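# Structure at a glance
Listed below, chain by chain, are the residues.
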Amino acid sequence: MNYSATAPAVWDPGFEADGDSMLSSDQCVIKGQHFFIRGLIEIPVIGSADVFSWGVWVSLSRDNFARALDRWNTEGRESEPPYFGWLSTELTPYSPGTLNLKTNAHTRPLGRRPFIELEPTDHPLAVEQRTGITRARVREIATAVLHPS
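As a starting point, this report considers the structure included with it. (Residues numbered from 1 in each chain as written. Predicted model: local features only at pLDDT ≥ 70, side-chain atom pairs only at ≥ 80, totals over all residues. Heavy atoms only, no water.)

## Observations regarding the environment of Ser24
As for its position among the elements, Ser24 is in the loop between β2 (22–23) and β3 (27–30). Since its relative accessible area comes to 26%, Ser24 is described here as partly exposed. Sequence spacing of Ser24 and Ala7 is 17 residues, and the spatial spacing of their C-alpha atoms is 8.6 Å. Looking at Ser24, its side chain comes within polar contact range of the main-chain nitrogen of Asp26, at 3.2 Å. (Helix = DSSP H or I, 4+ residues; strand = E, 2+ residues; numbered from the N terminus. Buried < 20%, exposed > 50% of the residue type's maximum accessible area, 1.4 Å probe, protein only. Polar contact = N/O pair within 3.5 Å; in protein donor to acceptor, adjacent residues only side chain to side chain.)

Structure below.
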């Protein structure tokens, strides 16, 4: 149960021709000035062992991005402290919007995307991450994502 964004909200396909820009399945650089990694916002499904997840992009500082890349394929990378970032994915089922929510990106063992922890605010997405969602809410999200109005 997950939905994923293929690129940060600010990515434009025209950046592909720019030698200082790149987009992979896990990292993104825009014009050598903006740096992003892809991770998962995980939300427990109440009354089950299931987890709903959003595949999202988070902007990092140049230094944190370089450090994350340096350790990307290194055993034990999960012992790294979290990297502060800004959520760079708009998740349309939420109001207010989700762009620029404060996050911490926690690296996990090799083969697993980073866990994205939202700042514990009263934003509906942050509340859902802390308290969980029902199966009915999962269906509501699926309808919103698969059949946008």
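## So, the packing of aromatic side chains
Applying the stated criterion across every chain, the model contains seven aromatic pairs. When the ring of Tyr3 is compared with that of Trp54, the centres are 6.1 Å apart and the planes differ by 45 degrees; the resulting orientation is tilted. Placement of the pair is Tyr3 in strand β1 (residues 2–4) and Trp54 in strand β5 (residues 51–60), with a sequence separation of 51 residues. Of the residues examined, Trp54 reaches a relative accessible area of 3% and is grouped as buried. Look at Phe84 and Trp86: their rings are 5.2 Å apart centre to centre, the planes differ by 85 degrees, and that puts the pair in the edge-to-face class. According to the relative accessible area criterion, Phe84 is partly exposed, its value standing at 38%. With relative accessibility at 35%, the residue Trp86 sits in the partly exposed group. Three or more aromatic residues joined by ring pairs form one cluster here, namely Tyr3, Phe52, Trp54 and Tyr94. (Phe/Tyr/Trp six-rings, centres within 6.5 Å; stacked < 30°, edge-to-face > 60°.)

The quantities given are spatial measurements derived from coordinates; they are silent on function.
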